[in-house]
Amino acid sequence: MKVLLIGAPGSGKSTQGDRLSQRLGLERIAAGDRLRAEATAGTPLGKEIASYLDRGELVPDQLVIDLILPAVRAAAHRNGYILEGFPRSVGQATRALPEQAGTGPDVVMFLDAPRDVLIERTLARAHAESRRDDTEDVVNQRLRVFDEVTRPLVDYYRRQGLLHTVDASQNVDDVTKDILAALEP
């Protein structure tokens, strides 16, 4: 099974990705974690990635594809995956996943929550995890970028008949239950 989680910053993608990976025995691939790890490593690629993350902007498609796609391809050919944060745009989806036979998602879960909930959660996470990319200005910029660039993926996957929407403003356990119910045959 190949599951893609789409949601704005603060929607719970990481929390649900962890839970689903454990419950379903699927590899969790978190694009944001991998991008932040590369930035922290201070490699030339990492420094380039960090410059985008620090401004709350999306890392260019080709950089993300080069970093994430090998892991997606490998997991897809094993047992499957829980993928979060990739693709981030329709361009990434059409350029990366469909071109790779058998690597595209079987189901797409859209974790939807009101903007005020997203902001509150993201700022709380900034304090808990000391994440430098979660300042209030950067959070608002990331939400604007999500609306402009990533939200069109919802319609893209809906047209393909793969999309399920989950109310991500519920408590964590209820969100997990809703996702698992949507994944049942």
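Note: the structure precedes this text.
The model shown is predicted, which means the values in this text are computed figures rather than measured ones. (Residues numbered from 1 in each chain as written. Predicted model: local features only at pLDDT ≥ 70, side-chain atom pairs only at ≥ 80, totals over all residues. Heavy atoms only, no water.)

## Concerning the overall build of the protein
For step 1, the next point in the chain: A count of helices and strands for the protein gives 9 helices and 5 strands.
For step 2, the next point in the chain: The order of α-helices and β-strands along the protein, N terminus first, is β-α-β-α-α-α-β-α-β-α-α-α-β-α.
For step 3, the next point in the chain: Along the first, second and third principal axes, the C-alpha set of the protein runs to 40 × 35 × 30 Å.
For step 4, the next point in the chain: A buried classification covers 46% of the 185 residues belonging to the protein.
For step 5, the next point in the chain: Working note: accessible area of the protein is about 8,800 Å², and carbon and sulfur atoms make up 49% of it.
For step 6, the next point in the chain: Distance between charge centres in the protein, computed from 24 positive and 28 negative side chains, equals 3 Å. (Helix = DSSP H or I, 4+ residues; strand = E, 2+ residues; numbered from the N terminus. Buried < 20%, exposed > 50% of the residue type's maximum accessible area, 1.4 Å probe, protein only. Areas by Shrake-Rupley, 256 points an atom, 1.4 Å probe, with all protein chains shown as cover. Lys, Arg positive; Asp, Glu negative; His and termini not counted. Charge placed at Lys NZ, Arg CZ, Asp CG, Glu CD.)

## Details of the packing of helix H1 (residues 13–24) against helix H9 (residues 172–183)
For step 1, the next point in the chain: Between H1 and H9, the least distance of the axes is 10 Å, while the angle of their chain directions is 55°. One element, H1, and the other, H9, form an angle in the oblique class. Read as a crossing pair, H1 and H9 show a hand that is right-handed. Contacts between H1 and H9 involve Thr15, Gln16, Arg19, Leu20, Arg23 and Leu24 from the former and Val172, Asp173, Val175, Thr176, Ile179, Leu180 and Leu183 from the latter.
For step 2, the next point in the chain: Grouping the constituent residues of the contact of H1 with H9 by class yields 7 nonpolar, 3 polar and 3 charged. (Axes fitted to C-alpha atoms, helices over the stretch in contact; angles between N-to-C directions. Parallel < 35°, antiparallel > 145°, perpendicular 65-115°, else oblique. Left-handed = near helix turned anticlockwise from the far one by under 90°. Contact = heavy atoms within 4.5 Å. Nonpolar A, V, L, I, M, F, W, Y, C, P; charged D, E, K, R; others polar.)

## Some thoughts on the environment of Ile6
For step 1, the next point in the chain: Looking at the secondary structure, you find Ile6 in strand E1 (residues 2–7).
For step 2, the next point in the chain: On the basis of relative accessible area, Ile6 is assigned to the buried category, the value being 3%.
For step 3, the next point in the chain: Considered as a pair, Ile6 and Thr103 are 97 residues apart in the sequence and their alpha carbons are 17 Å apart.

## A few points about unusual backbone geometry
For step 1, the next point in the chain: Of the consecutive residues Phe86 and Pro87, the connecting peptide bond is found in the cis state with omega at 0°.
For step 2, the next point in the chain: Structurally, Pro87 can be placed in the loop between strand E3 (81–84) and helix H5 (90–95).

## Here we look at the environment of Glu38
For step 1, the next point in the chain: Within the secondary structure, Glu38 is located in helix H2 (residues 31–41).
For step 2, the next point in the chain: Glu38 sits 11 residues away from Ile49 along the chain, and the two C-alpha atoms are 7.5 Å apart.
For step 3, the next point in the chain: Setting aside residues up to four positions removed in sequence, Glu38 forms contacts with Thr43, Leu45, Gly46, Ile49 and Leu67.

## Points about the pairing of E3
For step 1, the next point in the chain: Taking every second residue as pointing to the same face, both faces of E3 are buried, with Tyr81 and Leu83 on one and Ile82 and Glu84 on the other.
For step 2, the next point in the chain: Summarising the sheet, E1 and E3 pair through 4 bridges and their orientation is parallel. Paired with Lys2 across the strands is Tyr81, a residue of E3.
For step 3, the next point in the chain: When strand E2 (residues 27–30) meets E3, the two strands line up parallel, connected through 4 bridges. Paired with Glu27 across the bridge in E3 is Tyr81. (Pairing = 2+ DSSP bridges.)

## What about the sheet that holds strand E5 (residues 163–167)?
Within a sheet, each strand pairs with its neighbour through backbone hydrogen bonds, oriented either parallel or antiparallel.
For step 1, the next point in the chain: Read from one edge of the open sheet, 5 strands run E2-E3-E1-E4-E5, paired in parallel fashion. Two strands bound the open sheet, and with one partner strand each, they are E2 and E5. With strand direction ignored, the average angle separating the axes of adjacent strands in the sheet is 20°.
For step 2, the next point in the chain: H2 contacts E2 and E3 of the sheet and is inclined by roughly 60° relative to E2.

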